[in-house]
Amino acid sequence: MVAGGISIHAVDVASGRPAQGLRVEIWRIDPDSLRIAEGRLGANGVLDHSGAQGAGVTAGEYEVLFHLGEFFGDSDGFLTVAPFRFRIKNVDEHFHMPLKFTRWGYSLFRGA
């Protein structure tokens, strides 16, 4: 178990595969605005970034942006970006943010 940090994992449930290539941004939005990570998910559907181990993660409000429209290549698609806002009070806790999605909807939650 990793102590502290924010980890991201995403699965396209319609295909049953990890969301390799999905672009994700992690922002701290309060008390100040700062992007702490950006990248594309690997073959395992996980974002490899230093914030997963706690680097740069402080108490405050955060937003993760999952760029689903880009992932599907849909300029006319239904979903564009799926935002997920949450608060971190205890930086020693680990925050795992799984995303399960299709072209038409998504589910976000704090995982284990």
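In what follows, the structure referred to is the one given above.
These notes cover the structure that comes with them. Predicted model, so just to flag it, every value in this text is computed and none were measured. One numbering rule holds for all chains: residues counted from 1, following each sequence as written. Local features are withheld for residues below a pLDDT of 70 in this predicted model, meaning they are given only at 70 or higher, and side-chain atom pairs are given and counted only at 80 or more; totals for whole chains, interfaces and linings count all residues. The side-chain values count all of the structure's non-hydrogen atoms but skip hydrogen atoms and water molecules.

## Details of the packing of aromatic side chains
Where we set the bar: In this analysis, rings of Phe, Tyr and Trp, with Trp reduced to its six-membered ring, are considered paired at centre separations within 6.5 Å, and the interplanar angle assigns stacked below 30 degrees, edge-to-face beyond 60, and tilted for intermediate values. Secondary structure elements follow DSSP: runs of H or I of four or more residues count as helices, runs of E of two or more count as strands, with numbering from the N terminus. Note on classification: 1.4 Å probe, protein chains only; a residue is buried when its accessible area is under 20% of the maximum for its type, exposed when over 50%, partly exposed between these limits. Definition used: whenever NZ (Lys) or CZ (Arg) falls within 6 Å of the ring centre and also within 35 degrees of the ring normal, the charge is taken to sit over that ring.
The full count for this structure, using the stated rule, is seven aromatic pairs. Summarising the aromatic geometry, the rings of Phe78 and Trp104 are spaced 5.9 Å apart at their centres and angled 40° between planes, so their arrangement reads as tilted. Placement of the pair is Phe78 in the loop between α1 (68–72) and β6 (82–88) and Trp104 in the loop between β7 (95–101) and β8 (106–108), with a sequence separation of 26 residues. Relative accessible area serves as the criterion here: at 55%, Phe78 is assigned to the exposed category. Given the relative accessible area of 64%, Trp104 is considered exposed. With a centroid separation of 5.8 Å and an interplanar angle of 50°, the aromatic rings of Phe84 and Phe86 are classed as tilted. A single burial state applies to Phe84 and to Phe86, both of which are buried. An aromatic cluster is present here, built from Tyr62, Phe84, Phe86 and Phe95 joined pairwise through their rings. Above the face of the Phe95 ring, Arg110 is positioned so that its terminal group lies 4.0 Å from the ring centre.

## A word on the pairing of strand β1 (residues 6–12)
The following threshold applies: A pair of strands is treated as paired once DSSP finds two or more bridges between them.
The element β1 is largely enclosed, with a buried count of seven among its seven residues. The alternating pattern of β1 places Ile6, Ile8, Ala10 and Asp12 on one face and Ser7, His9 and Val11 on the opposite face, and all of these are buried. Taken together, the seven bridges between β1 and β7 define a ladder with parallel strand orientation. Bridging across to β7, His9 finds its partner in Pro98. Turn length for the β1-strand β2 (residues 17–18) hairpin, with the two strands adjacent in sequence and antiparallel, is four residues, and the turn residue Gly16 shows positive phi of about 75°.

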